[in-house]
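Take a look at the letters that make up each chain.
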Amino acid sequence: MPPASPDMQVMNLRDLEYVLAVMETEHFGRAALACHVSQPTLSGQIKKLEDELGVTLFERGRGGVRATDTGRAVVHQAQIALRAAAEIREIAQAAQDPFAGEFRLGLIPTVAPYLIPLFVARLREALPDLSVIYREDITERLVRDLETGEIDAAILATPPETDALQAIPLYTEPFRLVFPDGHKLSSLAHLRMADVDRKDVLLLTEGHCFRDQALAICETPATKGTKNTTSLRATSLETLINLVAQGQGVTLVPSLAMAGLSDDLGLVDRKLEDIGAARDISFTIRRSTSRRALAGRIADIIRSGLPDTVSVSQ
């Protein structure tokens, strides 16, 4: 590859977004879909960027696309640049009207369908000039997008693992144990996970933080070191609940998700006596964000509409 020309053109942010997309998907076609452009457009821009820089960012082969060592270094800097650009836009927006514009809010799948209906109308009424874009995804991807500026905040059930992020507490949500009516657990006055056959517990697929939290509760002194739960897995709480209704086992469900549970399913839900059978839900933002006032206002609005089945954070 020829050396970079001294009159190299200035790269743009869109080119950096293309590079990040290819790095994440390891595929030009999937990256193009994610960026909403044609594959020739994305491939051409990345090739043009490689020519301008005088380096190869990605190795192309039948096995897929892999970033070179230089490519990984460029990706790291691209993430920093895109995050800085997002923060510049935030500063400009906050200077005009801190409670207007677009706000991109991520939520984990075990929270989104149950929490959003509780505050969306109230939020629209309180902040009529704000347009909220909701994104539902697993924790790992939401944290990544929050760090890179792809979203402005995320509602998560795990604390930040980096000082770059800050969690604003929203509420603590107890877990309920759900099982078919007539199950042997119905006869117990006080229910603990030690009373549950671990092989009967149905869980979400890997990648969901709620799965990890449920496993932590299942780990009792009596079950420590024993085989994990049943091989049945589900990608949503709704599927888990329907599996339980069909007699396939029992499961843990966050309290907010119980509100829409149909009586026709023939299910029983019970409180667990175990200490720690709950999760803390937080509104997580970047510490560097210029939209802190707006984030705090949204968090207040969310708290104001929560039911008494959860403990609202102060």
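Scroll up to find the structure this text is about.
Presented here is an overview of the structure given in this document. Per chain, residue numbering runs from 1 following the sequence as it is written. Confidence filtering applies because this is a predicted model: local features only for residues at pLDDT of at least 70, side-chain atom pairs given and counted only at 80 or more, and all residues used for totals across whole chains, interfaces and linings. Side-chain numbers come from the whole structure's heavy atoms, not from hydrogens or water.

Some words on helix H9 (residues 292-304)
Selection rule: Numbering of helices and strands starts at the N terminus; helices are DSSP runs of H or I of at least 4 residues and strands are runs of E of at least 2. To estimate how far a helix should reach, multiply one less than its number of residues by 1.5 Å. Burial status follows relative accessibility: with a 1.4 Å probe on protein chains alone, a residue under 20% of its type maximum counts as buried, one over 50% as exposed, and anything between as partly exposed.
Its 13 residues place the ends of H9 18 Å apart at the C-alpha level, agreeing with the 18 Å of an ideal helix rising 1.5 Å per residue. The set of residues buried in H9 consists of Leu294, Ala295, Ile298, Ala299, Ile301, Ile302 and Arg303.

Thoughts on the packing of helix H1 (residues 13-25) against helix H3 (residues 39-53)
Stated formally: Note on definitions: angles span 0 to 180 degrees between N-to-C directions of axes, and those axes are lines fitted to C-alpha atoms, for helices only across the stretch in contact. For classification purposes, angles smaller than 35 degrees are called roughly parallel, those larger than 145 roughly antiparallel, those between 65 and 115 roughly perpendicular, and all remaining angles oblique. Any two residues whose heavy atoms approach within 4.5 Å are treated as being in contact. Charged residues are taken to be Asp, Glu, Lys and Arg, nonpolar residues to be Ala, Val, Leu, Ile, Met, Phe, Trp, Tyr, Cys and Pro, and polar residues to be all remaining types, Gly included.
For the pair H1 and H3, the least separation of the axes is 10 Å and the interaxial angle reads 105°. As far as their axial angle goes, H3 and H1 are roughly perpendicular. From H1, Asp15, Tyr18, Val19 and Val22 reach across to H3, where they touch Thr41, Leu42, Gln45, Ile46 and Leu49. Considering only residue class, the contact of H1 with H3 consists of six nonpolar, two polar and one charged.

What to know about unusual backbone geometry
Of note, the phi angle at Glu26 is positive, near 55°, even though the residue is not glycine. With respect to the helices and strands, the residue Glu26 is situated in the loop between H1 and helix H2 (28-35). Positive phi outside glycine occurs at His36, with the angle close to 60°. Relative to the assigned elements, His36 resides in the loop between H2 and H3. For His36, a relative accessible area of 74% puts it in the exposed group.

A short note on the side chain of Asp152
With respect to the helices and strands, the residue Asp152 is situated in the loop between helix H6 (139-148) and strand E5 (153-156). Since its relative accessible area comes to 4%, Asp152 is described here as buried. Discounting chain neighbours no more than four positions away, the residues touching Asp152 are Glu90, Glu102, Phe103, Arg104, Leu146, Ile285, Arg286 and Arg291.

Examining helix H5 (residues 112-126)
As a reminder, the rule being used: Here the bend at a residue means the angle between the axes of two seven-residue stretches, the one that ends at it and the one that starts at it.
For H5, built from 15 residues, the straight-helix expectation of 21 Å at 1.5 Å per residue is met to within 8% by its first-to-last C-alpha distance of 20 Å. Largest kink in H5: about 40°, centred on Phe119. Taken as a whole, H5 has its buried residues at Ala112, Tyr114, Leu115, Ile116, Phe119 and Leu123. Where H5 is buried, its residues touch strand E3 (101-107), strand E4 (130-136), E5, strand E6 (165-180), helix H8 (237-245) and H9.

Some remarks on the packing of H2 against H3
For the pair H2 and H3, the least separation of the axes is 8 Å and the interaxial angle reads 105°. One finds that H2 runs roughly perpendicular with respect to H3. Contacts between H2 and H3 involve Phe28, Gly29, Ala31, Ala32 and Cys35 from the former and Gln39, Leu42, Ser43 and Ile46 from the latter. Partitioned by chemical class, the residues of the contact of H2 with H3 number six nonpolar, three polar and no charged.

Description of the environment of Leu272
Within the secondary structure, Leu272 sits in the loop between strand E10 (267-271) and strand E11 (278-286). Residues Leu272 and Leu177, 95 residues apart in the sequence, show an inter-C-alpha distance of 6.7 Å. Excluding its chain neighbours within four sequence positions, the residues that come into contact with Leu272 are Phe175, Leu177, Leu191, Arg192, Met193, Ile217, Leu252 and Ala277.

Comments concerning the packing of aromatic side chains
Our working rule: When two rings of Phe, Tyr or Trp (its six-membered ring) have centres within 6.5 Å they constitute a pair, described as stacked for plane angles under 30 degrees, edge-to-face for angles over 60, and tilted for the intermediate range.
Taken as a whole and assessed by the stated rule, the structure comprises three aromatic pairs. Judged by centre distance (6.4 Å) and plane angle (80°), the ring pair of Phe28 and Phe58 falls under edge-to-face. Placement of Phe28 in helix H2 and of Phe58 in strand E1 (residues 58-61) is noted, with a sequence separation of 30 residues between them. Residue Phe28 shares its accessibility class with Phe58, and that shared class is buried.

Keep in mind these values describe shape, not function.
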